[in-house]
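Below are the chains, spelled out letter by letter.
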Amino acid sequence: MPGYDTNALALAGGVGGAKLALGLAKILDPDQLTVVVNTGDDEIFYGLHVSPDLDTVMYTLAGIANPETGWGITGETFNMLERLTAYGEDTWFGLGDKDLATHIRRTNLLNNGESLSEVTSKLAAALGVEHAIVPMTDDSFRTIVDTEIGSLAFQDYFVKHRSEPKATAIRFDTNGGARPSPGFGRALSESKIIVFCPSNPYLSVAPILEVTGIRERIAGFPGKRIAVSPIIGGAAIKGPAAKLMAEFGVEPSCVDVAKQYIGLCDAFVIDNIDADRANEIDSLGMDVLVCNTIMTSKEDKMALARKVLDFALR
Ligand code: FO1
């Protein structure tokens, strides 16, 4: 442990966010890090409440994430899904047998009246995760993608339609406004640094900013705010971020991600490949760190986490 004397709040979506969250968790003590996670992707499947991004972060920090997909549990089997398919159920969303236990437990606890924050903390503790993983909100929040084939709930767009339909807009159905979870509010008050993990700006970070009062609190945050670009050399490591940018008439580049965080970030981290774009980000009023942002190994994740914290604290 290098002994950072700080408290960090990491904002994360799924796979990309979870990688940096793991790097941060490896170099910060449990009481120094809160990972706030997007819940706009949550969906009911087969009668169960599934929180894909919370689970991706939780499984990654627990060391049990499937290394090939980034989501789900390593060594997974799909016996239940095969049986369900044989019964004639539409099974386009792949829930593995081990993963299923998470959703059964979550659904039971939610049905008993516990909040998503309480349930997540119980699940994470049972998996041996010591750092705080909190949902952005305990209220209902659904990301909807308007596309050329109609409006699709996020998982319909992302998994069933493999992000193929051309998107025209992204909307958030919050039933009149979603309040920040207690852990999110607390972390905003107590943290010295906010780290925007390299997550999709439209589908993962925008929902977090849409939670009531959050954009304003981050805009007025007294500490350091630093974002890592999920776009490297004009492409996303994973997912439809670059495709969506092109469909929205925005250049798929780290510069255009940075533009979305004007007023919300003091510093922006781009990959070595994009070094020639540093001046453009600098002219947006952000300090720029150029380094390797591709996180393949645990060492890569820890190295990037260190660079992000050192740059924010310098
Ligand atoms: N992604 C897929 O592409 N196909 C799946 O069948 C699938 C199942 C799934 C089950 C549990 C879970 O936690 C995540 C799952 N994901 C699947 C990933 C998920 O759709 C996305 O990673 C996130 O929602 C986007 O961050």
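What you see is a predicted model, and the numbers here were worked out from it, not measured in a lab.

Q: I tried to follow the overall build of the protein chain on my own but got confused; where do I start?
A: Scanning the protein chain for helices and strands turns up 13 helices and 14 strands. Seen along its three principal axes, the alpha-carbon backbone of the protein chain occupies a region of about 60 × 45 × 40 Å. Taking all 314 residues of the protein chain together, 54% fall into the buried category. Considering only contacts in the protein chain between residues 6 or more positions apart, those separated by 24 or more positions represent 68%. Looking at charge distribution, the protein chain has the averaged site of its 28 positive side-chain charges lying 2 Å from that of its 41 negative ones.

Q: Sorry if this is basic, but what is going on with the packing of aromatic side chains here?
A: Summed over the entire model, instances satisfying the criterion amount to 8 aromatic pairs. A ring pair is formed by F45 and W92, whose centres lie 5.4 Å apart and whose planes are at 85°; its orientation type is edge-to-face. Here F45, found in strand β3 (residues 43-45), pairs with W92, found in the loop between α3 (79-86) and α4 (97-111); they are 47 residues apart in sequence, far enough to count as distant. The class of W92 is partly exposed, set by a relative accessible area of 24%. Measuring from ring centre to ring centre gives 5.5 Å for F141 and F172, while their planes differ by 40°; the resulting arrangement is tilted. Taken together, the residues F141 in the loop between β5 (132-135) and β6 (142-147) and F172 in strand β8 (residues 167-173) connect sequence positions 31 residues apart. In textbook terms, an aromatic cluster arises when at least three aromatic residues are bridged by ring pairs, as seen for F45, Y46, W92 and F93. The positively charged end of R83 is found above the aromatic ring belonging to Y87, 5.7 Å away from the centroid. Positioned above the aromatic ring of F311, the side-chain terminus of R314 is 3.9 Å from the ring centre.

Q: Would you take a moment to explain the site of the ligand for this structure?
A: In the vicinity of the ligand there are 14 residues, among which D41, D53, F93, G94 and Q155 approach most closely. Separating an oxygen atom of the ligand from a side-chain N or O atom of D41 is a distance of 2.9 Å. Taking Q155, its side chain carries an N or O atom lying 2.7 Å from an oxygen atom of the ligand. Protein contact buries 87% of the 530 Å² of open area that the ligand shows by itself. Elements with a minimum of two residues in the shell around the ligand: α2 (52-62) and α6 (154-160). For the shell around the ligand, the leading source of residues is α6, giving 4 residues. The class makeup of the residues in the shell around the ligand is 8 nonpolar, 3 polar and 3 charged.

Q: Explain the sheet that holds strand β7 (residues 150-153) to me, please; I cannot follow it from the model alone.
A: Pairing between the strands of a sheet comes from backbone hydrogen bonds, and it takes one of two forms, parallel or antiparallel. If you walk across this open sheet you meet the 3 strands as β7-β6-β8, and the pairing is antiparallel. If you trace the sheet from one side to the other, it starts and ends with β7 and β8, each paired once. For this sheet, the mean inter-axis angle between neighbouring strands, taken without regard to orientation, is 25°. When β6 meets β8, the two strands line up antiparallel, connected through 6 bridges. Residue T143 lies in a different strand from β8, and its bridge partner there is F172. Sheet contacts for helix α8 (residues 201-210): β6 and β8; angle to β8, the most-contacted strand, approximately 35°.

Q: Whenever I open this one, the side chain of T102 confuses me. Can you help?
A: In this structure, T102 sits in helix α4. T102 sits in the buried class, given a relative accessible area of 9%. Here the side chain of T102 touches Y59 through a polar contact of 2.6 Å, side chain to side chain. Excluding residues that lie within four positions of it along the chain, T102 makes contacts with D55, M58, Y59 and L123.

Q: Is there a simple way to explain α4 in this structure?
A: One turn of an α-helix holds 3.6 residues; hence residues three or four places apart share an orientation. Taking 1.5 Å of rise per residue, 15 residues should cover 21 Å, and α4 covers 21 Å from first to last C-alpha, within 8% of that figure. Those residues of α4 that sit buried are D99, L100, T102, H103, R106, T107 and L109. For α4, the elements touching its buried residues are β4 (48-50), α2, α3 and α5 (116-126). Just downstream of α4, G113 is the residue with a positive phi angle, here 100°.

Q: What's the story with the pairing of strand β2 (residues 33-37) in this structure? I'm lost.
A: Both faces of the sheet carry side chains from a regular strand, because those side chains alternate between them. Extensive coverage of β2 is indicated by the burial of 5 of its 5 residues. Because side chains alternate across β2, one face comprises the buried residues L33, V35 and V37, and the other comprises T34 and V36, equally buried. Relative to β2, strand β1 (residues 8-12) runs parallel, the two being bridged by 5 bridges. Note on β2: the bridge partner recorded for L11 is V36. With helix α1 (residues 15-27) bridging β1 and its parallel neighbour β2, the resulting β-α-β unit is right-handed. Across 4 bridges, the pairing between β2 and β5 is parallel. Paired with V35 across the two strands is I133, which belongs to β5.

Procedures and definitions
- Residues numbered from 1 in each chain as written.
- Predicted model: local features only at pLDDT ≥ 70, side-chain atom pairs only at ≥ 80, totals over all residues.
- Heavy atoms only, no water.
- Helix = DSSP H or I, 4+ residues; strand = E, 2+ residues; numbered from the N terminus.
- Buried < 20%, exposed > 50% of the residue type's maximum accessible area, 1.4 Å probe, protein only.
- Contact = heavy atoms within 4.5 Å.
- Lys, Arg positive; Asp, Glu negative; His and termini not counted.
- Charge placed at Lys NZ, Arg CZ, Asp CG, Glu CD.
- Phe/Tyr/Trp six-rings, centres within 6.5 Å; stacked < 30°, edge-to-face > 60°.
- Lys NZ or Arg CZ within 6 Å of the ring centre and 35° of its normal.
- Near = heavy atom within 4 Å.
- Polar contact = N/O pair within 3.5 Å; in protein donor to acceptor, adjacent residues only side chain to side chain.
- Areas by Shrake-Rupley, 256 points an atom, 1.4 Å probe, with all protein chains shown as cover.
- Nonpolar A, V, L, I, M, F, W, Y, C, P; charged D, E, K, R; others polar.
- Pairing = 2+ DSSP bridges.
- Axes fitted to C-alpha atoms, helices over the stretch in contact; angles between N-to-C directions.
- Expected span 1.5 Å × (residues − 1).
- Right-handed = clockwise from strand over helix to strand, strands pointing away.

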